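Residue-level structural notes
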Amino acid sequence: MSKLNAFTLAAIMLLSTTIAGCIGDEESENTWEGAIAPDTYTIDIFHNNDGESDLIREEDRPGISAFVHALSADRQASLDAGHGTLTLSSGDNFLAGSKWDASTRSNPLTYYDAKALSAIEYDAICIGNHDFDFGPSILADFIIQEGSTPFLSANIDVSNDPSLKSLKDSGRIASSAKIVVPVDNGHVKVGVIGAVTENLPFISSPGLVDVNNVSTAVNAEAAMLKSDGADLIILISHLQGYSEDKALAPLLKDIDIIVAGGGDELLANEGADLHEGHTIVDAYPVMVSDSDGNQIPIITAIGQYQYYGKASVSVDGGTVTLTGNPVKVSYTGEQDAAALSSIEEPVKSHTDSLATIKISDPFSFQFRGAKDDVRARETNIGNIVTDSMLWYSAEVASTYGTQPGQVAMANGGGLRASVNADGTTDYRFTVQDTFDVAPFGNRLVIIEDMSSERLLNLLENAYSKTVLNDTTEDGVKRDGDGTGRFAQVAGMTVVYDATKQPLVLDDDGNVVTAGERIVSVTLDDGTKIVENGQAVAGATVDLVTLDYIAGGGDQWFYDWPNKEAQYVDIGALYQQALSRYIEQSPDLSEYSTLDGRITALTE
């Protein structure tokens, strides 16, 4: 049993609240003032994070109906034992992919993840970064469909976004929530504060939502909750990993417990029942000190509905303890009938049907996406993916206040399948094909006004892993580790000399040997960006690429500060852009031949 030795009954951490009327357990707003916590009580906190639309049962996922059944039964056992209960989400409540696609293609529009949150019966939900992935209006519609649970974040200002402001005005979005929790012989006044990562503008699409300093916002909320008589204050955070919460804790005051999200870390103690292959990264809870030297427990769990955390907070006079562990949700266990029929089965029906949803006109040629091709040379699968990225950037430029991309680049390692590899007559691209080609959660981002020098350096890296080869038609092949960095492109033509010295980087992205391969880069409108191996002075480009790459993947931005680019997220996965591009222009005949976008000189 972990001793929270800085806690006292009077200062068991108070969670500040700005919502009037977000009182749980059928209590009215007025009971907050009159509720009295007994000297001895226990509250069991049930928590999870990063559900990320993993709603259906698969080989390594339990599905939402098993999760609802397990958590509901456990929560009822706590109530039967006379314990108070709180059920909390620490964010990333949905995520783009084939399962989210079931919602976007439903008629009438049904957000199955919102139905899942409602079925879990949370007391409060933190807003995570992925919850903004499709912009504020989708988040607003999602919150409305969820029902009545408060969505929390103290460090965002939604006053400039009409759709979210109306929800703030009605109390559905707030900085914190006041919750009265019945326990044996009394009631405990709990304040719950939300917070999201300050990197939100760079990794998602919050639009006009402003993001403020986490510690300042949380401390202000906590002070208000404490002065309002809270018996316990809990921070539900989505800071992208519990290491961020550990760094935050010394800046905080009056917080009793931190329920973290965004990192998918497994905190557990010896003897915990875990899924096979999962490794404990730290104890449950992790203890840290706040600004006054008081100990704060941090708890979190692996996401995708594979676990929920169960933390028992026990008060006995002036002594407060927190014990617990993650609870494994069986991949084959009993399922909640209502969640199964209303959520899981419709989503599975959709994902099973993706191969039957045809989105293009018939074609008989192959889209080549084999690893040896897409990581070594121009391919038509690379061309259609990067064309879709450019097209999408133009479609949403006004929404995000960006310029339409001039060039697009995707790493070959992110393209994972051929389409119609057998050259079947009258084949049609399906939605499933788009997921097979672009299976990762990579989001489109735009890097504006990128200098010609930096583009030259990037391309030296992108074309550094090919070698001469007599057996291929173009005279090159991929070689060695890291070939996924090969760039498929749109909006420009690139000529590189495979006989010249390639760029060599060490594992940390530092230059070991400078590259000398890039000969020329010319935009489709004829503008020269690189000529005779030299960057054209003063030339810039607006580049559309993937957040994985812009954030340091494949070392593309090795010459930037922190080896990652500054970018604007433009609100879609590369899979979604590909699917929408084909749907709006289903004649794919132009991709039967290549454009000469990438040329390797071999003599």
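As a reminder, the structure under discussion sits directly above these lines.
Because the structure is a prediction, the values reported are computed rather than measured. All residue numbers refer to positions counted from 1 along the written sequence of the respective chain. Totals for whole chains, interfaces and linings use every residue, but because this is a predicted model, local features are given only for residues with pLDDT of at least 70 and side-chain atom pairs only at 80 or more, for both listing and counting. Hydrogens and water molecules were not included; the side-chain quantities draw on all heavy atoms of the structure.

What about the environment of Leu-109?
A run of H or I in DSSP becomes a helix once it reaches four residues, and a run of E becomes a strand once it reaches two; helices and strands are each numbered from the N terminus. Locating Leu-109 in the fold gives a position in the loop between α3 (98-104) and α4 (112-120). Along the sequence, Leu-109 and Gln-145 sit 36 residues apart, while their C-alpha atoms lie 9.9 Å from each other. By definition in these notes, contact holds between two residues if any of their heavy atoms fall within 4.5 Å. When neighbours within four sequence positions are excluded, Leu-109 is seen to be in contact with Ser-103, Thr-104 and Gln-145.

Details of the packing of aromatic side chains
For this analysis, a ring pair means two rings from Phe, Tyr or Trp (six-membered ring only for Trp) whose centres lie within 6.5 Å, classed as stacked if their planes differ by under 30 degrees, edge-to-face if by over 60, and tilted for the remaining angles. Scanning the entire structure with this criterion turns up 21 aromatic pairs. Centre to centre, the rings of Trp-100 and Tyr-111 are 5.4 Å apart; their planes meet at 15°, and the pair counts as stacked. Here Trp-100 is found in helix α3, whereas its partner Tyr-111 is found in the loop between α3 and α4, with eleven residues between them in sequence. In terms of burial, Trp-100 and Tyr-111 fall into one category: buried. Note on Phe-557 and Trp-560: the rings are 5.5 Å apart at their centroids and 90° apart in plane angle, and the pair reads as edge-to-face. Burial classification: accessible surface area is computed with a 1.4 Å probe over protein chains only, and a residue below 20% of its type maximum counts as buried, one above 50% as exposed, and the rest as partly exposed.

Considering helix α12 (residues 380-395)
For a helix, the expected span equals 1.5 Å multiplied by the residue count minus one. Given a rise of 1.5 Å per residue, 16 residues ought to cover 22 Å, and the 22 Å separating the end C-alpha atoms of α12 matches this to within 8%. Taken across its 16 residues, α12 has 13 buried, putting it largely inside the fold.

Brief notes about the side chain of Asp-50
Mapped onto the elements, Asp-50 comes out in the loop between β2 (40-48) and α2 (64-80). Working convention for charge: Lys and Arg count positive, Asp and Glu count negative, and His plus the chain ends are omitted. For this document, the term salt bridge refers to a Lys or Arg side-chain nitrogen within 4 Å of an Asp or Glu carboxyl oxygen. Summary of buried charges: Asp-50 has no salt-bridge partner, and the nearest side chain of opposite charge, Arg-61, is 11 Å away. Whenever a nitrogen or oxygen atom comes within 3.5 Å of another N or O atom, the pair is scored as a polar contact, on the condition that within protein one atom can donate a hydrogen and the other can accept it, and that pairs from neighbouring residues in sequence are kept only if both atoms are in side chains. At a separation of 2.6 Å, a polar atom in the side chain of Asp-50 contacts the side chain of Asn-49. Look past the residues within four positions of Asp-50 in its chain and what remains in contact with it is Gly-91, Asp-92, His-238, Gly-261, Gly-262, Gly-263, Asp-264, Gly-303 and Gln-304.

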